[in-house]
Amino acid sequence: MEEYVQHKYIRPDTIEYREYQISLASQAKSENCLVVLPTGLGKTAVALQVIAEYLSRGTGGVLFLAPTRVLANQHYEFLKNSLNLDDITLLTGEDTLAKRKKLWINSVICATPEITKNDLERQIVSQDQFSLVIFDEAHRTVGDYAYSWIAQRFAGTNTRILGMTATLPSEKEKATEIITTLRIASIAQRSEDSPDVKPYIQQTNTDWVKVELPHEMKEVQYYLRKALEMRHNELTRCGLRLSGNVSLSQLLRSRDFVLRQNRRAAKPLFTAIRLHYALNILESHGITSFLRFCERTHEKKGVGIKDLFENDSNFLKALAFAKDAQQKGIEHSKIPKLVEIIKSIPGKAIVFTSYRDSVEVIHNKLVDMGISAAFLIGKAGETGLKQKEQIDTVQKFRDGTYSVLVATRVGEEGLDISEVNHVIFFDNVPSSIRFIQRKGRTGRKSVGKLTVLIAKGTIDEAYYWVGQRKIKSAQNMGDKMTKELQRQNGDSKSVLDAYF
């Protein structure tokens, strides 16, 4: 007989009693805490129990932050169905200023970070009205993302902070920044190997499917690499120390140095960066995405662009071969393989791709093949989906109107569609966080399947090795940071004393 969590603010028979969730919530109730829990194991159920506790204390409202409208809406629906409370609201930038002023007075508010930051700055809402602030997908609390600003705004208050993520970054510097910014006192974590978690884990089987680039794409690839080699040689002549296998990340790290101390290297450096982007898009996404990237680049006014498009014979040959391939109907060898995989799937599937242009290419191809597919992208730009359209698309996918959802990063975080048993990566990602987030969209209620498409001899293969290394590092990061917190705090004092 199933047991359920019992609390005056939690509706009866709604939240299954799980020992690990009770333990994580208990830790989060007493101090600023970062909950690290694999996707699909109920981070939101943990948050619900902490929310119920703070509501019962009557010391202030609750602010539940999520990075996208789709995810904020998902949390809102969950809380609305699980909490014994009427004044729960969803608040985003699509609400008018007058409406938001009224919504901010609710006891529990689900909101996106940008509008929260804006309204705190406008003094429409005060940080003093909240006793608990939850940062979902807390790994985003780095750099100038709005989470960081909001967290700083709550510094010096008595507001409890709860961060939630499926994984910490693989880089210690980023993990430390998250913990410092959120003023985390302890990390409450479980892995898929934790004894109390294992009974709830669904297996996900992973296939790495390799495809060969067609001859026409290899011609484009060849001339792009020749153009890149020329820029790398020029950078070496300008005094830049480059490794034997020059990567895009290496060039990006060189920008500040070049602009400060080696201006003569600026033109070949920024041209090389553009060429790397162009080559990566070609190799991972195909002819159309490559040509569209080149068109947008040509329209910009930047150092080296005019010379690249008018005088670089290798680049001009690459463009000519790409246009000829497009006229022949050649896109990418991943496309027919993707169609083959999807036609063999009995249920729903999500296809992830990092590049918006390839979303359109993939979606159109699937529709042309008679597959009921929708796409999910952010709201930026003329072709973007407004927040309401994003929610409607996800709901129709849940309801079965579409069998395939083609998504960019907006679909990677927190999307909970239990019927999805197959996730396909159209492109590989070198980020451990993004890999784990994407993978976590499957295997939530039953055995899942992950397929990663890899083009042989391309950036896809390089990202495979980088990603695997980072995933192993990220898996150990929680333990490392816990030991660091204990060392700094003598196992008992709050981390606030150590950091501030």
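Residues numbered from 1 in each chain as written. Predicted model: local features only at pLDDT ≥ 70, side-chain atom pairs only at ≥ 80, totals over all residues. Heavy atoms only, no water.

*Asks:* I'm lost on the sheet that holds strand S7 (residues 186–189) in this one. Help?
*Replies:* Two modes of strand pairing occur in sheets, parallel and antiparallel, and in both the strands are linked by backbone hydrogen bonds. Ordered by their spatial adjacency, seven strands build an open sheet running S3-S4-S2-S5-S6-S1-S7, and the pairing between neighbours is parallel. Both outer strands of the open sheet, strand S3 (88–91) and S7, are each paired with one neighbouring strand and no more. For this sheet, the mean angle separating the axes of adjacent strands, direction not counted, is 20°. With five bridges connecting them, strand S2 (residues 61–65) and strand S5 (residues 130–136) associate as parallel partners. Opposite Gly-61, over in S5, you have Phe-130 as the bridge partner. Strands in contact with helix H5 (residues 113–121) are S2, S3 and strand S4 (108–111); relative to S2, the strand with the most contacts, it is inclined by about 130°. (Pairing = 2+ DSSP bridges. Helix = DSSP H or I, 4+ residues; strand = E, 2+ residues; numbered from the N terminus. Axes fitted to C-alpha atoms, helices over the stretch in contact; angles between N-to-C directions. Contact = heavy atoms within 4.5 Å.)

*Asks:* Teacher, can you tell me more about the packing of aromatic side chains here?
*Replies:* Two aromatic rings, taken as a pair, are described by how far apart their centres are and by the angle between their planes. Scanning the entire structure with this criterion turns up 12 aromatic pairs. Taking the centre distance of 6.3 Å and the plane angle of 70° together, the rings of Trp-104 and Phe-130 count as edge-to-face. Here Trp-104 is found in the loop between helix H4 (97–103) and S4, whereas its partner Phe-130 is found in strand S5, with 26 residues between them in sequence. Judged on exposure class, the residue Trp-104 and its partner Phe-130 are both buried. The ring centre of Phe-425 lies 4.9 Å from the NZ or CZ of Arg-438, which sits over that ring. (Phe/Tyr/Trp six-rings, centres within 6.5 Å; stacked < 30°, edge-to-face > 60°. Buried < 20%, exposed > 50% of the residue type's maximum accessible area, 1.4 Å probe, protein only. Lys NZ or Arg CZ within 6 Å of the ring centre and 35° of its normal.)

*Asks:* How should the layout of surface pockets be read in this particular structure?
*Replies:* Space left empty within the atom packing is revealed by a probe, the size of a water molecule, rolled over the atoms. Its boundaries defined by the atoms lining it, the second largest pocket holds a volume of some 1,200 Å³. Considering the residues around the second largest pocket, the lining is formed by 38 residues, among which Leu-248, Ser-249, Asn-280, Ile-459 and Tyr-463 are closest to the centre. The biggest single contributor to the lining of the second largest pocket is helix H11 (residues 266–285), with eight residues. The residue makeup of the lining of the second largest pocket, split by class, is 16 nonpolar, 14 polar and eight charged. (1 Å grid on protein atoms, 1.4 Å probe; cavity = no way out; pocket = protein on both sides within 12 Å on 5 of 7 lines; lining within 4 Å. Points joined across faces, edges and corners; volume = space filled by probe spheres on them. Nonpolar A, V, L, I, M, F, W, Y, C, P; charged D, E, K, R; others polar.)

*Asks:* Just checking my understanding: could you explain the sheet that holds strand S9 (residues 348–352) for this structure?
*Replies:* The parallel open sheet is built from six strands, whose spatial order is S8-S13-S12-S9-S11-S10. The open sheet has two free edges, formed respectively by strand S8 (204–211) and strand S10 (373–376), since each of these has just one partner strand. The average angle at which neighbouring strand axes cross in this sheet is 20°, direction not considered. Pairing of S9 with strand S11 (residues 404–407) involves four bridges; the strand directions are parallel. Paired with Ala-349 across the bridge in S11 is Val-404. Those strands touched by helix H15 (residues 334–343) are S8, S9, S11, strand S12 (420–425) and strand S13 (448–455), and its axis lies near 165° from that of S13. Against the sheet, helix H17 (residues 387–399) contacts S9, S10, S11 and S12, and its axis sits at roughly 145° relative to S9.

The analysis is restricted to geometry; functional conclusions fall outside its scope.
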